[in-house]
Amino acid sequence: MHEVTNRLQVVLKESGLGSGVLTVFCRHTSCSLVIMENADPSARRDLAAWLERLVPANDPHFTHTFEGPDDMPSHIKMALTRTSESIPFAEGKLLLGAWQGVYLWEHRHAAHSCQLIVTVVGE
Amino acid sequence: MHEVTNRLQVVLKESGLGSGVLTVFCRHTSCSLVIMENADPSARRDLAAWLERLVPANDPHFTHTFEGPDDMPSHIKMALTRTSESIPFAEGKLLLGAWQGVYLWEHRHAAHSCQLIVTVVGE
Amino acid sequence: MHEVTNRLQVVLKESGLGSGVLTVFCRHTSCSLVIMENADPSARRDLAAWLERLVPANDPHFTHTFEGPDDMPSHIKMALTRTSESIPFAEGKLLLGAWQGVYLWEHRHAAHSCQLIVTVVGE
């Protein structure tokens, strides 16, 4: 889970807009977005470990496995979390709660480059 | 699960806008949003009970437990549902389906105050 | 799972807008949206089969069953996926990733008609 909150804030500042909605979109089906507690890393570790137990690799039911045992679990974990997220802003700042961080969640084990698209609508 | 549909409709009416998209955003990581059947309460009860069985408190794997046994389950239940939801409107009314209600879902057992931010974009 | 990507692209073209955000909204609580791999159908089959194992019909805990054994599972599967999705576009084209398709996911077994509302905001 990679926190992208600051990078979203930078994009927002560059837009020059004061208030509106910022939309983040993840262009992949093996990674996803989640807005999660950003204070104590143990919350994110427990979330990831729980999801790993819910969707274990090497499930013998999976047939879509040609990219490896983490291929199908990555799609399922993506489907259970989010591809797009819409975050309000005012006075040029994201109105996230005190403990909220925006995370890009890579579900494959190997390193991949991921693209997020950020769109800002407002005035 | 607290229905907030009417309060969203009030905010929409106050905006004076006719058509566009209303975005609701939940500023917390232990509660979330879901658009669920609003006719028969048994559907919401069954959903909540199912999620409670999927993510039981007192799971011995959890390490993030200093706020109590419902701390980590609340984050997981949030991650499996939604933090933001975008609802279209026309002629000043939300275009929800006949059986759809918008719910704020508090996953902690103790009472908390929750903040939702509503943004209306349209004309 | 019915792919609606092309139909969204048609609506976008008809809007005449160049860049912005397209929002899709599903007006039902027994079907939902998911942006999933559109290359190999086995990925969608495995996802659907996994979710069927997670939320089996005939779970004896369910009380909301008067529309049949697939009534309550359809609501739960909806709650675990998405009711709204926001997709950016530029130069009149949806900025989906190379392997992303937008799917309407009907969770009931009998045929139903489903309504999606598409809203386009941009310039």
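None of these values were measured; they are calculated from a predicted model.

### Quick notes on the interface of chain C and chain B
Logical step 1: Each partner contributes to the interface: chain C provides 20 residues, whereas chain B provides 25 residues.
Logical step 2: Here the element with the most residues in the side of chain C that touches chain B is helix α3 (residues 71-80) of chain C; it accounts for five residues.
Logical step 3: Tallied by class, the residues present in the side of chain C that touches chain B amount to eight nonpolar, 11 polar and one charged.

### Here we look at the confidence of the model for chain A
Logical step 1: Scored by pLDDT, chain A comes out at a mean of 97, with 100% of its residues at no less than 70.
Logical step 2: ipTM for the predicted complex: 0.97, alongside a pTM of 0.98.

### Considering the environment of Leu95(C)
Logical step 1: As for its placement among the helices and strands, Leu95(C) is situated in the loop between β5 (93-94) and β6 (100-106).
Logical step 2: In the structure, Leu95(C) is positioned 74 residues away from Val21(C) in sequence and 9.6 Å away in space, judged by C-alpha atoms.
Logical step 3: What Leu95(C) contacts, discounting residues up to four positions off in sequence, is Ile117(A), Pro88(C), Phe89(C) and Ala90(C).

### Some remarks on the interface of chain B and chain A
Logical step 1: In this assembly, 20 residues from chain B lie in contact with 25 residues from chain A.
Logical step 2: For the side of chain B that touches chain A, the secondary structure elements donating two or more residues are β2 (20-26), α3 (71-80), β4 (84-90) and β7 (116-122) of chain B.
Logical step 3: Per-class residue counts for the side of chain B that touches chain A are eight nonpolar, 11 polar and one charged.

### So, the relation of the copies chain B and chain A
Logical step 1: Turning chain B through 120 degrees and shifting it by 0.0 Å along the axis lays it on chain A, with an RMSD of 0.0 Å. Those values place the two copies in the arrangement expected of a three-fold rotation axis. The position closest to the rotation axis in chain B is occupied by the C-alpha of Leu80(B), lying 3.3 Å away.
Logical step 2: Of all interface residues in chain B, a mere 15% are interface residues in chain A too; the two copies therefore contact each other through different surfaces.

Basis of the calculations
- Residues numbered from 1 in each chain as written.
- Chains lettered and ligands numbered in written order.
- Predicted model: local features only at pLDDT ≥ 70, side-chain atom pairs only at ≥ 80, totals over all residues.
- Contact = placed C-beta atoms within 7 Å.
- Helix = DSSP H or I, 4+ residues; strand = E, 2+ residues; numbered from the N terminus.
- Nonpolar A, V, L, I, M, F, W, Y, C, P; charged D, E, K, R; others polar.
- pLDDT = per-residue confidence, 0-100.
- Least-squares fit on C-alpha atoms with pLDDT ≥ 70 in both.

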